[in-house]
Amino acid sequence: MTHIPQTLEDAIAQAKEATTNALNDGCQRIQIDIVLPEIALKSQTIAQEFLPLFTQYGEGLKVVFSDTGAASLARRDWGETIFKISDLGSSRTPVEYKISDEDQAFLVVCPSAVEVAQVEKLCNLAGDRPVVLLIPQLENIAMIGIGYAARQLRERFLSTIETCYYLKPSDELSILRQYPNPWQVWLQKDDNFELIAEEPQKPMSDTLDLILRGLSGEGEAGETTTTSKNTGIFGSMKQFLKALSQ
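Residues numbered from 1 in each chain as written. Predicted model: local features only at pLDDT ≥ 70, side-chain atom pairs only at ≥ 80, totals over all residues. Heavy atoms only, no water.

Three or more residues of helix 4 (residues 116–126) are buried, namely V116, Q118, V119, E120, L122, C123 and A126. Just downstream of helix 4 lies G127, where phi reads positive at about 65°. (Buried < 20%, exposed > 50% of the residue type's maximum accessible area, 1.4 Å probe, protein only. Helix = DSSP H or I, 4+ residues; strand = E, 2+ residues; numbered from the N terminus.)

Now the structure itself:
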């Protein structure tokens, strides 16, 4: 049964299950998004947790980091690996991918909006081979804009990516998606979480406002939509992020 995770370990376990389900269902472009402060700083450690999901690909797996420095650190920390470790380069000096028959799957670690063009090119070259984006930050409006070009990018590429796992915790409403389940909105009540809505698409701010208004219409807005404690999952997430670094 789906639930709001209480530890990062729990969240990663959910994400791994969702990723496996999506890959087994034939999804070719998928992303795992855990929205937490400084989560990108733990991307190498988290990526290592997902490597067992790709054992079947052996030498055919390519782990792609956002830049050369991150890839070098992974090579140093992971030692000799059966799979390949690469990077996306930079916008000025992007890596020119020549995908061979040996490349069977791609795990792209923490790509940002700066690398969105390289990620799109990689996905196009990969064809029907799976590309998993781990903790991507491709939709930074400050980078891709909000005009016609940004809309084209979303329609042409970003909309083709299946979010198999998404977690955005807060002290009031938390959003969770674990493939193949719908998007879920959870309300914190004391130390528990109550599932209050399910949506076919990612709920944006206007949808969340409507959900909150629906709750307030039940006559208990003050009690229902206000967090009783400030220690909720956001605080808990900070604690287990700290534990992860130890």
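Next comes the rest of the description.
Taken in spatial order, the nine strands make up an open sheet running 3-2-4-5-1-6-7-8-9, and their pairing is mixed. Single-partner strands in this sheet number two, and they are strand 3 (84–87) and strand 9 (192–199). Ignoring strand direction, the axes of neighbouring strands in this sheet form an average angle of 20°. Here four bridges tie strand 1 (residues 29–34) to strand 5 (residues 131–134), and the two strands are oriented parallel to one another. (Pairing = 2+ DSSP bridges. Axes fitted to C-alpha atoms, helices over the stretch in contact; angles between N-to-C directions.)

One recurring pattern in soluble globular proteins: nonpolar side chains tend to sit buried together. Within the largest apolar cluster, 42 residues are counted, with the highest numbers of intra-cluster contacts made by W78, L134 and Y165. Elements with a contribution of two residues or more to this core: helix 1 (8–24), strand 1, helix 2 (43–50), strand 2 (61–65), helix 3 (68–78), strand 4 (105–109), strand 5 and strand 6 (162–168). Here the element with the most residues in this core is helix 1; it accounts for seven residues. When neighbours within four sequence positions are excluded, Y165 is seen to be in contact with P5, A11, Q14, A15, A18, Q31, I32, D33, I34, L176, R177 and Q178. Counting 16 residues, the second-largest nonpolar core is a separate cluster that includes L88, F106, C123 and L158. (Core = buried A, V, L, I, M, F, W, Y, C linked by side-chain atoms within 4.5 Å. Contact = heavy atoms within 4.5 Å.)

Before going further, it helps to spend a moment on the pattern of salt bridges. Taken as a whole and judged by the stated rule, the model has six salt bridges. Across the pair R76 and D77 runs a salt bridge whose closest N-O atoms are separated by 2.8 Å. One salt bridge connects D103 with K84, and the closest N-O pair in it is separated by 3.3 Å. Of this pair, D103 sits in the loop between strand 3 and strand 4 while K84 sits in strand 3, and the two are 19 residues apart along the sequence. (Salt bridge = Lys/Arg side-chain N within 4 Å of Asp/Glu carboxyl O.)

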